[in-house]
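These are the residues of each chain, in order.
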Amino acid sequence: MELLFDSEGKVNYDKIDKDTTVEDILKAIDIFLDKNPLPCDDCGESCCKKAWSVEMDNICVNRISNWNEDSASDFVRQRLVIKRNYYREFDQYVLDKEKNCHFITEENYCTIYEQRPIICRLYICIDKSYRYNVVRELIGSTYLQALIFEDEMRNNVLSADSIEKYRRNPAVFAKGYDIALKDIFSYAEEEGWLYDDERDELY
Ligand code: SF4
Ligand code: SF4
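Since we're looking at a predicted model, the values are computed, not measured.

## Re the overall build of the protein chain
Line of reasoning, step 1. Tallying secondary structure elements over the protein chain gives nine helices and four strands in all.
Line of reasoning, step 2. If you list the helices and strands of the protein chain from N to C, you get β-β-α-α-α-α-β-β-α-α-α-α-α.
Line of reasoning, step 3. Its C-alpha atoms give the protein chain a radius of gyration of 17 Å, near enough to 17 Å, the size a compact globule of 203 residues would have.
Line of reasoning, step 4. In terms of overall dimensions, the protein chain has C-alpha extents of about 50 × 45 × 30 Å along its principal axes.
Line of reasoning, step 5. Taken over 203 residues, the protein chain has a buried fraction of 43%.

## A closer look at the site of ligand 1
Line of reasoning, step 1. Taken together, the neighbourhood of ligand 1 is formed by Leu38, Pro39, Cys40, Cys43, Glu45, Cys47 and Cys125.
Line of reasoning, step 2. Of the residues belonging to the shell around ligand 1, the class tally is six nonpolar, no polar and one charged.

## Considering the packing of aromatic side chains
Line of reasoning, step 1. A full pass over the atoms with the stated rule returns seven aromatic pairs.
Line of reasoning, step 2. Here the aromatic residues Phe90, Tyr187 and Trp193 are joined through ring pairs into a cluster of three or more.

## Structural notes on the pairing of strand β3 (residues 80-85)
Line of reasoning, step 1. With six bridges joining them, β3 and strand β4 (residues 90-95) adopt antiparallel strand pairing. Counterpart to isoleucine 82 in the pairing with β4 is tyrosine 93.

## Details of the pairing of β4
Line of reasoning, step 1. Of all six residues in β4, five are buried, a share of seventy percent or more.
Line of reasoning, step 2. Remark: four residues form the turn of the hairpin made by β3 and β4, two consecutive strands paired antiparallel; glutamate 89 in that turn has positive phi of roughly 60°.

Scoring rules and cut-offs
- Residues numbered from 1 in each chain as written.
- Chains lettered and ligands numbered in written order.
- Predicted model: local features only at pLDDT ≥ 70, side-chain atom pairs only at ≥ 80, totals over all residues.
- Heavy atoms only, no water.
- Helix = DSSP H or I, 4+ residues; strand = E, 2+ residues; numbered from the N terminus.
- Rg over C-alpha atoms; globule rule 2.2 N^0.38 Å.
- Buried < 20%, exposed > 50% of the residue type's maximum accessible area, 1.4 Å probe, protein only.
- Near = heavy atom within 4 Å.
- Nonpolar A, V, L, I, M, F, W, Y, C, P; charged D, E, K, R; others polar.
- Phe/Tyr/Trp six-rings, centres within 6.5 Å; stacked < 30°, edge-to-face > 60°.
- Pairing = 2+ DSSP bridges.

So, to be careful, I would describe these as geometric facts and stop short of saying anything about function.
Okay, here's the thing in structure tokens:
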């Protein structure tokens, strides 16, 4: 699969299917941005220096922490705060910052570029199709919620029901972004983020 401009001139997927993985989409975005570079040099101000939230997912935190569980817990305690996601009605972790992202340099380089959060990897600052945005948001929500669940599981004694509920999220304790969209969409349906009849329109 690849990303391209659709008939409305918006960034869209040419095709995705149930076995397309999140990693496939991230690779397609990298290729698309290589062919269609964003005008960052003329933008004047880095979007990494805005006041908006930098939402943190579990894979990003685990990579930064070298997959060490104690380091991941320390990172969450020391660098992140909980912020309510009112659109999807769940708590998520964001960087504890007021303006600049912690990882941007004066010269606008991201110091964790290879491990940067999935929301940064899915971000394209040009017009995107509704379909692109829905898939992006469902992927992001799954991995953002996985960080909350992993942190709870590391630091609390939980009931068997809670553990079972948390483990239904396909990204919990995943080692990367190689999760198929069919699993992201099934989880989204279970959480009430996606209706059954909406799924087919996304492929
Ligand atoms: S990604 Fe877009 S908004 Fe951010 S600095 Fe580059 S051009 Fe500007
Ligand atoms: S993690 Fe990197 S890409 Fe993401 S907002 Fe911070 S500096 Fe920008």
